[in-house]
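Chain by chain, the residues:
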Amino acid sequence: TLGGIVGSANKGTIEKCNNKGNMSTKFCTAAGGILGYRISQYSSSGSVLQITECANLADITYSSDTTGATSAGGIIGDAQGKANVSNCYNAGLIKAIKNAGGIIGSVGATYASELTVSSCYNKGAVQSPADAYAGGIIGKAGAGVYEEELYVLEGSADHTIGWIIASNMIDFVDEDTLKGDEMPAKLGGSFIQSIAGVNDGCPIFSWQLTDSDIKAEISGVVENHLVKDDFTDQQWSRAAVTGESGK
């Protein structure tokens, strides 16, 4: 298995993680931007894995045309046990022969695979050349709940869930809706509205912002509300950096 942050895990908490490293594999059975493989709970009865406030910003692809058991997901490649995934998003390309999902590639169909996915969105392209089980949220879904504040950007995938055992009600949203003022509140948790064009204007987490992002936003506000002719060059330079007029 291949994971941008963790290769495989059975229990515990993974939070506030970014993956920015592109991954391409020929032979791994599962690849995920945050976690490659969630091991079956049989090895530790009742164990639950929590993944929250994580984002995949990289491309995850299979570089061969093998039709074996391959799964690729922005957050988890393959989930075979109890897990709660919340407040996460994918912005990278996810491509696999089958079982490709913006959030999770595939979910086990047994009673043990109790999964809850909530308050997540996908805006990255999700592709399956064989058109087999590709979805904006999950590629192939087993038992679980996938209905709470889940959003897929129109055009990023043909389906919200590629193939599913349980029922689901997940809608596509257009770009304006995903970037709108109301979306962070709908997603809840620590999502905030993007500033300075970070993540192409879609919701982000505050801890993802750098000092340069904040300065760029302040400079934009200054330039939109102040008239340069009203200031000396020195005052304007100070305003553009700190947001203060200098008067």
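This is a predicted model, so every value here is computed, not measured.

Reading the values: the criteria
- Residues numbered from 1 in each chain as written.
- Predicted model: local features only at pLDDT ≥ 70, side-chain atom pairs only at ≥ 80, totals over all residues.
- Heavy atoms only, no water.
- Pairing = 2+ DSSP bridges.
- Helix = DSSP H or I, 4+ residues; strand = E, 2+ residues; numbered from the N terminus.
- Axes fitted to C-alpha atoms, helices over the stretch in contact; angles between N-to-C directions.
- Disulfide = S-S within 2.5 Å.
- Buried < 20%, exposed > 50% of the residue type's maximum accessible area, 1.4 Å probe, protein only.
- pLDDT = per-residue confidence, 0-100.
- Contact = heavy atoms within 4.5 Å.

So, the sheet that holds strand 15 (residues 115-122)
Stage number 1. Pairing within the open sheet is parallel, and its 6 strands lie in the order 3-7-11-15-19-21. The open sheet has two edge strands with one neighbour each: strand 3 (12-19) and strand 21 (171-173). Between one strand and the next, the sheet's axes are offset by a mean angle of 10°, whatever the strand orientation.

Some points on the state of the cysteines
Stage number 1. In total, this model carries 0 disulfides according to the counting rule given.
Stage number 2. Left without a disulfide partner, C54 is nearest to the cysteine sulfur of C17, which lies 4.5 Å away.
Stage number 3. On the accessibility criterion, C54 (0% relative accessible area) is buried.
Stage number 4. Unpaired in this structure, C120 has its nearest cysteine sulfur neighbour in C88, at a distance of 4.8 Å.
Stage number 5. For C120, a relative accessible area of 0% translates into the label buried.

So, the confidence of the model for the protein chain
Stage number 1. Of all residues in the protein chain, 78% have pLDDT values of 70 or greater, and the mean over the chain is 83.
Stage number 2. Ranking the elements of the protein chain by mean pLDDT puts helix 4 (residues 233-242) last, at 61, and helix 1 (residues 175-178) first, at 97.
Stage number 3. With pLDDT under 50 throughout, residues 243-247 is counted as low confidence; its partners more than four residues away or in other chains account for 13 contacts.

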